[in-house]
Amino acid sequence: MVKIILTILLGYVAFIYAQTGSITGQVTNKATGKPLIGVNIILLEHQSGDAADLDGRYEISDLPVGSYNVQYSMIGYKTLIKNRVLIKPNRPTVLNVELEEEVTVGDVVVVRPSYFEKPRDAPVSARSMDYEEIAIQPGASFDIQRTVQALPSVVSSGDQDNEIIVRGGNYGENLFVLDNIEIPNPNHFATQGAGGGPVSAIYTDFVSEVDFIAGAFPAKYGDKASSVLDITLREGLRDKFHLKFDLGMHGAGGNIEGPFLNKKGSYMLAGHRSFLDLIASTWGLTAIPQYWNTQAKIVYDINTRLKLSFFSLYARDWIEVDAREEEQAGSDLDWYADSQTDQYALGINLKVVMKNAFATFTLSSTENNWNESVTDSLKKEEWFHNYSTERTTTLKSDWTMFPFRRNELSGGAYLKYNHFDYDYFDKEDTLFIYEPGTDSIIGSTGYIYGEQDTVIEHSLKYGGYLQYKHYFGALFRLNAGVRLDALEFTRNYYFSPRLSLTYNLLASTGLSVAYGRHYQPPDWYMLAFNGRGTTLDHYYSDQYVAGIDHLFAEDVRGTLEAYYKSYHDYPATRSQLTEDPYDEDIYFVNAVKGYAKGIEIFLQKKVKENLWGTLSYSYSKAVNRDPRATNCPDSLVCPYGEYPKSFDYGHVATFIMGYRQEFMQYEWYHNLKSKWWWGPLSWIPGTPSDESEYSFRFRYLGGRPYTEPTYRPEHRLWVVDPGEPYNQARMPEYINLDLHIQSRWYYGKWTLFTYFELDNAFNRKNIWWYQRNSDGTVDTVYQRGRMFVGGIIMEF
């Protein structure tokens, strides 16, 4: 309805104002960060262009609105083509580009234009994407993490969560970096110790580029055992004040941006709030999740060599569940649950560009708070609470220098002050014995459940890294690094070597191998429960990756990779080392070893004209060594060996295809658009718009393993019997189809964008888990059913 009214009232401005825009930006050397003078910039569809000036800057004005492919070329550098470059009315498109030096053979420069870019210093298992690629992903709803899940060997714990689980890894093993600031979990309703949630707190419109590295990542990154998601935010527009409104899965809100101090600086400020609670009473809904967030970035150019930037993110969410208001009202489940979480991230970056070097200095602070409780509604008695705070203040520096040709040396150091405060309570309870077939208690055992602990602690963490890159002529590139990390709480030091080698077989084909040891510290709550001086160690993974990538055409690229990833010293509770199913000792020890191995295929076609898509497939095996084997007597045959890890799906495949059409190039469409009645009809998803796009995503995962427990009626509990191996059962395979339609209209001085998604179009009942009840019955809990999702964005 909003779009219909706006279209009728404001649509006439399309005939008053000329629909033109501009593109501007800066071109720099990808290695040194220095401006490149004389780079040729050409819009391939329009044959308009410019050349970069002494500061590497360019500007092309009076361009008709629409999507373009922009080519950047210069002798001695790889020709890069940026696709999906949108020219909008009343809003300049800022496109800052980094060019990489070209491969040379003798005196011959091999030029092969490409639409693809790679993350810096990551020759294997790496992908780069921009805002437009995130926006068009079916089933992602502008969520960066859900977009990444379409890549090979990346899975999640379910449709309701955007956790990134990579190559047989586990929760919380992905490193999030946002504008050089490490953030524990950038999601609403974030789970403690994990890295996912149902709704992202990151405002995607502020994103310039996303680099994802699935393994064997360079020495710059640490503290995580599996992968890295490095997000770079754009700067605010510097021409004038701009305003945007939007509505979608992330809530309702908008942003403002513009220049200050005579355009030497820029600002961006965004805010969003969920809105389901505003209509809950109308629809009869209860237990509605509520959340809101703000995000800001301020940039100031001190001079051409010094840039200062400030970033902030705040997110808050809460939900209340009263069992008496749900379907089970009137039953014996009279309880009330309250969950409130919030987090913030603040950071200042100072970037310095020197003659043969550049450096970044960062000061940041992050904090996560959890306030969760469950109360007996009748007795007014608390059953459980978790009041926790985790706060980290970080000072770090990163630098890169070029001592002589074909050599690059980089390094960094950091100091972190960590504060963690835990108040945990789980009401004591007794393991009773029940009369078979009744609710009557006839006795009890000696087991008493429950835990109460209050811990306030702090710890320093410090370390650094060095990395050396050398080019052996045009064919070989060596990247060797080492990282050192120390944790004062456990008084331990960790040494992590990293190594990669790239061989340019042809101008369009490359071979790469990489190795890395990646340490990850225990979660702070584990250290808090164990206490200061604990012997609980970091666990680590050794990753070996080999791959080949080939550029079939300038817009088509394929990769084939194989990997082996071993896990060591993974933490487990002491209760997991015993056969006693009623043991609840939560003291943590390093007890689990495992490995994952697999092969991955990824094929991507960028949108050059109309058609685009990706195809990813992986086959993997991920296993752990059963920790209960440590207590097996040597004189007996131990029943505990290897078992599949929780996310050992085996086969994982994702196929995405899309088609883009600019109807505004056709005369019949303009005649149709001029009709007064067309505005309301254009709201129907799939009808022609100035720019329309139609896409789908098909997803297949093999059955997820799980452990089948045994019901003990005398205790009314489900337990894993002694001698029973873990994860021998598997759920049915996961199959899902998501459909996506998006439309864009250009109106004189503003732009309107809408999207519509049909998730799980076949309404397939994919199983999430099995709820085992105290009466011995089992309920099947399904993942997301068919769901309609939509959104609208208005740019002024």
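Residues numbered from 1 in each chain as written. Predicted model: local features only at pLDDT ≥ 70, side-chain atom pairs only at ≥ 80, totals over all residues. Heavy atoms only, no water.

**Remarks on the overall build of the chain**
A tally of helices and strands in the chain yields 7 helices and 48 strands. On the principal axes, the C-alpha backbone points of the chain span a range of 85 × 65 × 45 Å. Looking at the chain residue by residue over its 796 residues, the buried ones come to 54%. In the chain, 75 positive and 99 negative side-chain charges are present, and the distance between their average locations comes to 8 Å. (Helix = DSSP H or I, 4+ residues; strand = E, 2+ residues; numbered from the N terminus. Buried < 20%, exposed > 50% of the residue type's maximum accessible area, 1.4 Å probe, protein only. Lys, Arg positive; Asp, Glu negative; His and termini not counted. Charge placed at Lys NZ, Arg CZ, Asp CG, Glu CD.)

**Structural notes on the sheet that holds strand β19 (residues 227–233)**
The 5 strands are arranged β11-β18-β19-β14-β15 in an open sheet whose pairing can be described as mixed. The sheet is open, and its two edges are formed by β11 (126–130) and β15 (181–182), each paired on a single side. With 2 bridges connecting them, strand β14 (residues 174–178) and β15 associate as antiparallel partners. Pairing of Leu178 across the sheet is with Ile181, part of β15. (Pairing = 2+ DSSP bridges.)

**A word on the packing of aromatic side chains**
Tallied over the full model, the rule gives 39 aromatic pairs. Aromatic side chains Trp750 and Phe796 sit 5.6 Å apart centroid to centroid with 15 degrees between the ring planes, which places their arrangement in the stacked category. With Trp750 in strand β45 (residues 750–759) and Phe796 in the segment after β48 (787–795), this residue pair connects regions lying 46 residues apart in the sequence. On the numbers, 6.5 Å between centres and 40 degrees between planes, the contact of Phe753 with Tyr755 is tilted. Among the residues examined, Phe753 registers a relative accessible area of 6% and is labelled buried. Chaining the aromatic ring pairs together yields one cluster made of Phe384, Tyr424, Tyr525, Phe529 and Phe588. Over the ring of Tyr782 we find Lys765, and its NZ or CZ is 5.2 Å from the ring centre. Over the ring of Trp718 we find Arg772, and its NZ or CZ is 5.7 Å from the ring centre. (Phe/Tyr/Trp six-rings, centres within 6.5 Å; stacked < 30°, edge-to-face > 60°. Lys NZ or Arg CZ within 6 Å of the ring centre and 35° of its normal.)

**A word on the pairing of strand β34 (residues 556–573)**
As paired strands, strand β33 (residues 539–553) and β34 are joined by 13 bridges and run antiparallel to one another. Bridge pairing links Gln543 to Lys565 in β34. Turn length for the β33-β34 hairpin, with the two strands adjacent in sequence and antiparallel, is 2 residues. As judged from the 16 bridges shared by β34 and strand β35 (residues 588–605), these two strands associate in the antiparallel manner. Paired with Gly558 across the two strands is Leu603, which belongs to β35.

**Here's the deal with the confidence of the model for the chain**
Summarising the model, the chain shows a mean pLDDT of 88, and 92% of its residues fall at 70 or more. Overall, residues 105–109 carries pLDDT values under 50, and its contacts beyond four positions in sequence, including any with other chains, amount to 5 contacts. (pLDDT = per-residue confidence, 0-100. Contact = heavy atoms within 4.5 Å.)

**Re the sheet that holds strand β2 (residues 40–43)**
Backbone-to-backbone hydrogen bonds pair the strands of a sheet. The strands run either parallel or antiparallel. Strand order in the open sheet formed by 4 strands is β3-β2-β5-β6, with antiparallel pairing between adjacent strands. The sheet is open, and its two edges are formed by β3 (48–51) and β6 (80–87), each paired on a single side. The mean angle between the axes of side-by-side strands here comes to 20 degrees, regardless of whether they run parallel or antiparallel. Two elements, β2 and β3, share 4 bridges in a ladder whose sense is antiparallel. Considered in β3, the bridge of Ile41 is made with Asp50. (Axes fitted to C-alpha atoms, helices over the stretch in contact; angles between N-to-C directions.)

**A short note on the environment of Ser459**
Relative to the elements of secondary structure, Ser459 occurs in strand β29 (residues 441–472). We classify Ser459 as buried; its relative accessible area is 0%. On a C-alpha basis, the gap between Ser459 and His419 in space is 6.7 Å, while along the polypeptide they are 40 residues apart. Ignoring sequence-local partners within four residues, the contact set of Ser459 consists of Lys416, Tyr417, Asn418, Phe420, Leu487, Glu488, Phe489 and Trp524. A polar contact of 3.3 Å, which involves the side chain of Ser459, links it to the side chain of Glu488. (Polar contact = N/O pair within 3.5 Å; in protein donor to acceptor, adjacent residues only side chain to side chain.)

**Focus on the pattern of salt bridges**
Throughout the structure, instances matching the rule amount to 42 salt bridges. In the salt-bridge network here, residues are joined through shared partners; they are Lys88, Arg91, Asp205, Arg234, Lys244, Glu257 and Glu795. (Salt bridge = Lys/Arg side-chain N within 4 Å of Asp/Glu carboxyl O.)

**Looking at the pairing of strand β27 (residues 381–401)**
Strand direction decides the pairing type here: strand β26 (residues 357–376) and β27, joined by 20 bridges, are antiparallel. Bridging from a neighbouring strand, Asn369 pairs with Thr389 of β27. The hairpin turn running from β26 into β27, its antiparallel successor, is 4 residues long, and Lys380 in that turn takes a positive phi close to 55 degrees. Judged from the 18 bridges that link them, β27 and strand β28 (residues 407–434) form a sheet pairing that is antiparallel.

**Some details on the side chain of Thr389**
Position of Thr389 among the secondary structure elements: in strand β27. For Thr389, a relative accessible area of 16% corresponds to the buried category.

**Brief notes about the nonpolar core**
If you look at the biggest cluster of nonpolar residues, it comprises 28 residues, and the most contacted ones within it are Phe212, Leu229 and Ile231. Sorting the residues of this core by element identifies α3 (144–148), β14, β18 (207–213), β19, β22 (265–273) and β24 (306–322) as the ones contributing at least two each. What Ile231 contacts, discounting residues up to four positions off in sequence, is Ile144, Val177, Leu178, Asp179, Ile202, Val207, Glu209 and Val210. Within the second largest apolar cluster, 20 residues are counted, among which are Ala52, Val70, Leu80 and Val85. (Core = buried A, V, L, I, M, F, W, Y, C linked by side-chain atoms within 4.5 Å.)

**A look at the environment of Val155**
As for its placement among the helices and strands, Val155 is situated in strand β12 (residues 154–155). Val155 sits in the buried class, given a relative accessible area of 5%. With residues up to four places along the chain from it excluded, the contact list for Val155 reads Glu163, Ile164, Ile165, Phe647, Tyr649, Val652, Arg699 and Leu701.

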